[in-house]
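Coordinates in review
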Amino acid sequence: MNPLFGRRLSRRRFLIRAAEVGLATGAVGLGIGAILERIPRSPWDPKAFPPPGRAKVAVLKASSYNGDLEGMVLEGLQAVGVGAEVRGASVLLKPNMVEFDPSSVINTDPRLVAATVAAMKRLGARAVTVGEGPGHRRDTQYVVQQSGLRDLLRDVQTPFVDLNSAALTRVSLRSSWTQLGELWLPTPVVEADVVVSMPKMKTHHWGGVTLSLKNMFGVVPGRIYGWPKNVLHWAGLQESILDVAGAVKPHIAIVDGIVGMQGDGPIKGTSIQAGHLVIGTDPVAVDATAAYLMGVDPTRVTYLADAARFLGQGDLGKITQVGEDPTRSVTDFKLRPEFEGLRLGATGGSHVADPAHAAGG
Amino acid sequence: MSTDAAQVLATLQNGDGGFPPSAGGTSEPEPTALAAIALDNSAARSWLESHQRSDGGFIVGPDSVLNDSPTPLAALALAPGDRRDRALDYVVQHQAPQLGPDDRIPHDVNTRGWGWTSRTFGWVEPSARALLVLKLLRPNVQQIADGNAVMTDRECQGGGWNYGNKEVFGTQYEPFLQTTAAGLMGVQDRTDGIRERAVAVIQRIWPNEPGGLGWAMASAALHALERPDVDLDAELAALVAQTQLYGDTVALAWAAIALGPAIQTIRITR
């Protein structure tokens, strides 16, 4: 058993994380004590976010996109107890289609998206929609067309909605990691009974890893927040991930870790055969497990450690993994040098402040 | 079913005179401004007039974010007069802040473009549209030099533009069709090679980027230069007929501008 399983995020560890955030946001010249005084103890509404309980995550071995993906997704969903909440529900699947490059593995594989559509229908979903608001491409229809998603969705008779141009609903934030206060979010996302975050398992050159929480950047509409969604970087990448995911906490997360992206992700990295799907109803638990599978200590990823304080379960010792044994399933993703401190067993901090002209990714 | 971009666009007009970003939505400044230009539509102009802020700008979204990027297009859509002048004043006075150096994303720290949202970085498309409109309507302001400098600084290796950065962590980023088209509109008067490189990029990559918005803006940029690509225009027309560009008002408006008389509106006299 890896020592991470069963270890809690101690208060001291949290304070180190908090200090890293404070330092990275430019609190130069202040002592640690002064910095900590400036950090709200609970930048979230405790009524909206009850303390995270135990979580269950399915880790499924999947070597390619050509097998019975629908059956595998169904198996994973059922293994973590998904069933009643989908029956008769409207379901919105949110894959990662931030941009498209035919020579790369930027996107959640459309075959997995189509398989998930079919699985949701088999579970009795009343309506299934796929939605995305690409952050780097304003021409969404180009991304949908060239990625092959459009043809596959036609096959499963499922509509696609461009979240960059959809109708909007004003949503007051229930957390205050940023100063945004509110977000204008696509109505199809806000009104869906079940939102499913379907990220690609990727490294991220500003955040360390990008998984189901970071994937929710794609619901923030470009026509309000720009291409890329630069407002979120000005507000702080790590902090924005927390506020956006807190506003639209996905009910289900399905990580496409069959083929992932390592190195200079989320756009310019290289592909890596990771061979897993990670499925669960607690997005923090899913991301913590997926990060572990990438050879990354989730408690060292700043936003994941903070998400574990209010949004979901980040303590691997409190996450029951079903399916594959994660400790025997790690594939070490290449990391950018500044993120080497995130590795399992590494020491030292690894927070990287994203520049103000960083892209959404 | 309408098969002509202008006809399809006209069907999307709301009862209040404005246009939504997609079918069935509420009216917003950018699609309304583009539709007003494309269709020479007085009701759309009236909608814009009634939604101009007291500071001259046109905003979409919450005040906390202040997306003022539609303002240049609204200025272009409005009739000559006080309202247009105030919108142009707003564009001149609301550039993006300059940022300090960062080796990870190198850029010329002396350049100053326009952002999607107030007080954030200047990106290619909003900078290019501000540049285009100032060249058309305020050709003597010094901010045009700023805009030209941004387009030069952000140009990708070999020409054209990504959405904003040309290099991150030492990796060169490739030009995209839609952003290159936006950029070309802004530099259509330049003779230093940047325009021709952009034209070459568009001609090279448009067949591989089959999307309504990218094709429509590429067609408009080439028509503005009076150098249309007949194959691109034919493919765009076919896509409109086949898909009605999925009800994307902005894409339909650019297609209507590209293929109709409104192209004169975005053509810089050279």
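Residues numbered from 1 in each chain as written. Chains lettered and ligands numbered in written order. Predicted model: local features only at pLDDT ≥ 70, side-chain atom pairs only at ≥ 80, totals over all residues. Heavy atoms only, no water.

What follows is about the packing of helix 3 (residues 69–79) of chain A against helix 4 (residues 110–122) of chain A. Residue and element names in this part refer to chain A. Viewed as axis vectors pointing N to C, helix 3 and helix 4 meet at an angle of 55°, and their least axial separation amounts to 8 Å. On the basis of the axis angle, helix 3 is oblique to helix 4. Judged by the twist between their axes, the crossing of helix 3 over helix 4 is right-handed. Between helix 3, through Leu69, Glu70, Val73, Leu74 and Leu77, and helix 4, the contact on the second element is made entirely by Arg111, Leu112, Ala115, Thr116, Ala118, Ala119, Met120 and Arg122. Looking at the contact of helix 3 with helix 4 residue by residue, the class counts come to nine nonpolar, one polar and three charged. (Axes fitted to C-alpha atoms, helices over the stretch in contact; angles between N-to-C directions. Helix = DSSP H or I, 4+ residues; strand = E, 2+ residues; numbered from the N terminus. Parallel < 35°, antiparallel > 145°, perpendicular 65-115°, else oblique. Left-handed = near helix turned anticlockwise from the far one by under 90°. Contact = heavy atoms within 4.5 Å. Nonpolar A, V, L, I, M, F, W, Y, C, P; charged D, E, K, R; others polar.)

Turning our eyes to something else, we now look at the pattern of salt bridges. One pass over the full model with this rule turns up 32 salt bridges over all chains. For Arg138(A), the salt bridge goes to Glu125(B), with nearest N and O atoms at 3.0 Å. Highlighted residues: Arg138(A) in the loop between strand 3 (127–132) and helix 5 (140–146) and Glu125(B) in helix 6 (residues 124–137), drawn from two different chains. Assessed through its relative accessible area of 9%, Arg138(A) is described here as buried. By relative accessible area, Glu125(B) is classed as buried at 5%. (Salt bridge = Lys/Arg side-chain N within 4 Å of Asp/Glu carboxyl O. Buried < 20%, exposed > 50% of the residue type's maximum accessible area, 1.4 Å probe, protein only.)

So, about the side chain of Ser219(B). Residues and elements named next belong to chain B. With respect to the element layout, Ser219 can be found in helix 10 (residues 212–224). Of the residues examined, Ser219 reaches a relative accessible area of 0% and is grouped as buried. Apart from residues no more than four positions distant in its own chain, Ser219 is found in contact with Leu232, Asp233, Leu236, Ala258 and Leu259.

Every regular strand shows the same layout, with side chains that alternate between the two sheet faces. All names here are of chain A. Strand 8 (residues 200–204) sits mainly inside the fold: five of its five residues count as buried. Judged by which residues are buried, strand 8 turns out to be covered on both faces: Lys200, Lys202 and His204 on one side and Met201 and Thr203 on the other are all buried. Pairing of strand 8 with strand 10 (residues 252–262) involves two bridges; the strand directions are parallel. The residue of strand 10 that forms the bridge with Lys202 is Met261. Bridging between strand 8 and strand 9 (residues 208–210) involves three bridges; their strand directions are antiparallel. Bridge pairing links His204 to Gly208 in strand 9. What sits between strand 8 and strand 9 in their antiparallel hairpin is a turn of three residues. (Pairing = 2+ DSSP bridges.)

Scanning the entire structure with this criterion turns up 11 aromatic pairs over all chains. On the basis of an interplanar angle of 35° and a centroid distance of 5.1 Å, the ring pair of Trp206(A) and Phe169(B) is categorised as tilted. Of this pair, Trp206(A) sits in the loop between strand 8 and strand 9 while Phe169(B) sits in the loop between strand 1 (167–168) and strand 2 (171–172), placing the two residues on different chains. A relative accessible area of 1% means that Trp206(A) is categorised as buried. Overall, Phe169(B) belongs to the buried group, its relative accessible area being 17%. Three or more aromatic residues joined by ring pairs form one cluster here, namely Trp44(A), Phe49(A), Trp177(A) and Phe310(A). Here the basic side chain of Arg137(A) rests over the ring of Phe176(B), its NZ or CZ set 3.5 Å away from the ring centre. In this arrangement the basic side chain of Lys268(A) is found over the ring face of Tyr173(B), its NZ or CZ atom lying 4.9 Å from the centre. (Phe/Tyr/Trp six-rings, centres within 6.5 Å; stacked < 30°, edge-to-face > 60°. Lys NZ or Arg CZ within 6 Å of the ring centre and 35° of its normal.)

With that settled, consider the confidence of the model for chain A. Of all residues in chain A, 85% have pLDDT values of 70 or greater, and the mean over the chain is 89. Low pLDDT (under 50) marks residues 6–31 of chain A, which in the prediction has 44 contacts with non-local residues, meaning those over four places away or in another chain. (pLDDT = per-residue confidence, 0-100.)

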